[in-house]
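Working through the structure, step by step
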Amino acid sequence: MSLSIEQVAGRYRGIRCNHIAQGLADLLRQAEANEVSYLAFAEALVVHEQQQRNQRRIALNRRKAGFPVDKRLSEFDYRHQTTITKRQITQLLDFRFIDERANLIFIGPPGVGKTHLAIGIGQEAIDAGYKVLFTSALGLVEKLELAEIKGELKQQITALQKFDLVIIDELGYLPMSRQARYNLFQLVNALYEYRSVIITTNKEFTAWGEFFQDDSVVVPIVDRLIHHSHIFIMGGESYRLRQKRQG
Ligand code: ADP
Ligand code: MG
């Protein structure tokens, strides 16, 4: 007794191979049209399931990343930049820095493309299968504060540790309470040599050091962030201003 395609698809669904179930009719048609071997067909089924699962996971990771806008590295105009080269950025895309738990730090004045590069690299990391979170420094501090008030700081940090790469945008001289700085320290400590962080900031770390000289919480944060990090100092005029002038 032979089953119908629908019935076979139902059995694949029963063992959670939903993509094979859904694509079965097409896969069969292709196999017949191309007269592929039984072995090639068996492989085509599993390849289809794996590819579809990967795509779904990547789409889900992209939603979870919380990028405020979609920026791609392909849209970045390196001619506008004199301090960083395309080669420097392209070199990062083997994602060894994530595997080695190194950090990237983009320092520069407003409008020079720090956030654009951070999002662009984050998007590429997601395509490569990594889990990424984008957060503004302010949003992060608020999130940690809320968790701390609820007595859930530890759980919140554990949740953040699940990402391979955490992008903290616009870390600067935020007016942070001592508690907020302490919470941030807890997070940086938890990510240190365990996950990668990308920071964008308009402040040089040397200036941070002076500013927080007597701060026993901030100095270790800065220390940990710059240890194992690639630092990109970005210069030039604001891209936004230039566009405005040309427009
Ligand atoms: P920053 O984070 O350094 O303040 P952004 O990354 O937000 O700057 O850049 C400001 C705007 O200008 C964004 O819309 C960004 O896409 C664009 N931009 C900045 N630099 C470049 C560049 N070199 N090529 C293309 N767009 C750029
Ligand atoms: Mg920015």
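As a reminder, the structure under discussion sits directly above these lines.
The paragraphs below set out a description of the structure included in this document. Bear in mind the structure is a predicted one, so any value in this text is a computation, not a measurement.

The rules we used
Residues numbered from 1 in each chain as written. Chains lettered and ligands numbered in written order. Predicted model: local features only at pLDDT ≥ 70, side-chain atom pairs only at ≥ 80, totals over all residues. Heavy atoms only, no water. Buried < 20%, exposed > 50% of the residue type's maximum accessible area, 1.4 Å probe, protein only. Helix = DSSP H or I, 4+ residues; strand = E, 2+ residues; numbered from the N terminus. Arc of directions from axis to C-beta. Near = heavy atom within 4 Å. Polar contact = N/O pair within 3.5 Å; in protein donor to acceptor, adjacent residues only side chain to side chain. Areas by Shrake-Rupley, 256 points an atom, 1.4 Å probe, with all protein chains shown as cover. Nonpolar A, V, L, I, M, F, W, Y, C, P; charged D, E, K, R; others polar. Pairing = 2+ DSSP bridges.

What follows covers helix H11 (residues 218-226). All of the buried residues along H11 are Val218, Ile221, Val222 and Leu225. The arc enclosing the buried residues of H11, seen along the axis, measures out at 95 degrees, which places them on a common side. His228 lies just past H11 and shows a positive phi near 50 degrees.

For the rest of this paragraph, the subject is the site of ligand 1. Around ligand 1, the structure places 15 residues, and the nearest of them are Asp77, Gly111, Lys114, Thr115 and His116. Residue Asp77 places a main-chain N or O atom 2.8 Å away from a nitrogen atom belonging to ligand 1. One nitrogen or oxygen atom from the main chain of Gly111 is found 2.7 Å from an oxygen atom belonging to ligand 1. When the free accessible area of ligand 1 is taken as 560 Å², the share hidden by the protein chains comes to 86%. Residue contributions to the shell around ligand 1 peak at three residues, all from helix H6 (residues 114-127). Its residues placed into classes, the shell around ligand 1 shows five nonpolar, five polar and five charged.

For strand S1 (residues 103-107), the buried fraction is high: five of the five residues fall into the buried class. Covered by surrounding structure in S1 are Asn103, Ile105 and Ile107 together with Leu104 and Phe106, the residues of both alternating faces. The pairing of S1 with strand S5 (residues 229-233) spans five bridges and is classified as parallel. Within S5, the residue paired with Phe106 across the bridge is Phe232.

Our focus in this paragraph is unusual backbone geometry. Trans peptide bonds make up most of the peptide bonds, and negative phi angles are found at most residues other than glycine. The phi dihedral of Glu35 is positive, around 45 degrees, even though this residue is not glycine. Along the chain, the position of Glu35 falls in the loop between helix H2 (18-34) and helix H3 (38-65). On the basis of relative accessible area, Glu35 is assigned to the exposed category, the value being 72%. Of note, the phi angle at Arg101 is positive, near 60 degrees, even though the residue is not glycine. Residue classification places Arg101 among the partly exposed residues on the basis of a relative accessible area of 30%.

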